[in-house]
Amino acid sequence: MLQGKLVRLRYPERGDLPTFVRWFNDSETTQFLLRGPPMGLEEEEQWYADLLKHEEKVFCIETSEGKLIGNIGIMHLQWTNRNAEIGVLIGEKEYWSRGFGTEAIALLLRYMFEELNLERISLYCDETNLRAQRCYQKCGFRQEGKYRHHRFKGGVFTNDVVMSILREDWDGLNRT
Amino acid sequence: MIEGRQVGLRLMESQDVWLLYRWFNDRRVLEDLGSGHGYFCVSMEEEKSAVERMLQDRQATHFIIMKREGGQPIGLIGLVSIDERNASAELRIIVGEVSEWDNGLGEDAIEVLLNHAFNAKNLHRIWLRVAEYNGRAIACYRKCGFKDEGRSRHDHYHKGAWRDALLMSILDSEFRGR
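Residues numbered from 1 in each chain as written. Chains lettered and ligands numbered in written order. Predicted model: local features only at pLDDT ≥ 70, side-chain atom pairs only at ≥ 80, totals over all residues.

Caption draft 1: Molecular detail of the environment of Gln3(A). Residue and element names in this part refer to chain A. The residue Gln3 is located in strand S1 (residues 2-3) in this model. Exposure remark for Gln3: the 10 C-beta atoms within 10 Å place this residue in the exposed category. Along the sequence, Gln3 and Gly15 sit twelve residues apart, while their C-alpha atoms lie 21 Å from each other. (Helix = DSSP H or I, 4+ residues; strand = E, 2+ residues; numbered from the N terminus. Buried ≥ 20, exposed ≤ 12 C-beta atoms within 10 Å, placed from the backbone.)

Caption draft 2: Representation of helix H1 (residues 17-24) of chain A within the structure. Residues and elements named next belong to chain A. Listed in full, the buried residues belonging to H1 are Phe20, Trp23 and Phe24. When H1 is viewed along its axis, its buried side chains cluster within an angular range of 90 degrees and face the same direction. On its buried side, H1 packs onto helix H2 (41-51), strand S4 (68-78) and strand S5 (83-90). (Arc of directions from axis to C-beta. Contact = placed C-beta atoms within 7 Å.)

Caption draft 3: Inspection of the interface of chain B and chain A at higher detail. The partner chain A presents four residues to the four residues of chain B that form the contact. Across the side of chain B that touches chain A, the residue classes break down as no nonpolar, one polar and three charged. (Nonpolar A, V, L, I, M, F, W, Y, C, P; charged D, E, K, R; others polar.)

Caption draft 4: Highlighting the sheet that holds strand S4 (residues 73-83) of chain B. Residue and element names in this part refer to chain B. Taken together, the eight strands give an open sheet; going across it, the order is S1-S2-S3-S4-S5-S6-S8-S7, and neighbouring strands pair in mixed fashion. If you trace the sheet from one side to the other, it starts and ends with strand S1 (2-3) and strand S7 (147-158), each paired once. Two elements, S4 and strand S5 (residues 88-95), share seven bridges in a ladder whose sense is antiparallel. Note that in S5 the partner of Leu79 across the bridge is Leu91. Together, strand S6 (125-131) and strand S8 (161-171) form the strand contacts of helix H5 (residues 135-143), whose direction differs from that of S6 by roughly 160 degrees. (Pairing = 2+ DSSP bridges. Axes fitted to C-alpha atoms, helices over the stretch in contact; angles between N-to-C directions.)

Caption draft 5: Region of interest: the pairing of S8(B). Residues and elements named next belong to chain B. Across seven bridges, the pairing between S6 and S8 is antiparallel. Pairing of Val130 across the sheet is with Leu166, part of S8. Pairing analysis gives eight bridges linking S7 to S8, with the strands arranged antiparallel. Note that in S8 the partner of Arg151 across the bridge is Leu166. Between S7 and S8, which pair antiparallel and follow one another directly, the connecting turn spans two residues, one of which, Lys159, has a positive phi of 50 degrees.

What follows is the structure, encoded as structure tokens:
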């Protein structure tokens, strides 16, 4: 468990899956994700079973009252190259734009730099999703390029921005 | 194949079992190995299943040491207990061809493996354990840059008494700084 002020991160349990399925069946919530509706519970259970075999981890984002509001994950972890990607979703819309995602990302970045000893953490994000890009910038990510026509959504190909944060950027942010 | 001055390392394969069978049945090779190889000798069936276990172990990589001149296989070297998160691994080596001892081939093989471990696999620490009475090996490890870091007391029982093992290690910064 990673404890912050607004949120904490914990491992997902089987009982969380129906909540995930509800989020992924909401087209507004998933508008900027690679995966949208429809999603089934059995499909999600298969994903959960596969998750236990990987070193790549997904965490639940919970408020300090214990309400499950989103999830955040480490993907494509490469130990030799000391890098990984992250992905984040706040599934409960009333928690959008209130700093919950920002704190969840900050908690995960601290874990990835200070416990996993990574060198680079990256993500990509729909170029029209400015709310998310501002959040990532606040966390220390910088835009470093674009993946052109990286996703197909609503009948068209759209671009993604690529953002990353290096260990030296993290150290700079935390030097006091 | 990754190459050093006198030897190259290639990945161990199932069909190398006959080499290991021969080396691990040579008393002169087993003499100084300590607890890891306490058996008197090994059957072909046992060695086959040992090789399968080594190949299936995802926290281990084993190489056959080949003489560059002539291509003769002379020994086995590997990293085991590879801990990727903490970037550490344990080194194990035998030079199974006794006629090739004392020619610096083991040292050359360790040099190649350390270079691979630190510069290709981005590991931070390589450690090993060696029987306290294996003076030839200890001298070789020190020459390669390993530092003494401790002693495993009464590590194993050998020739009628409890024997210690030394723990040694080298860090990436030390390897690059030599």
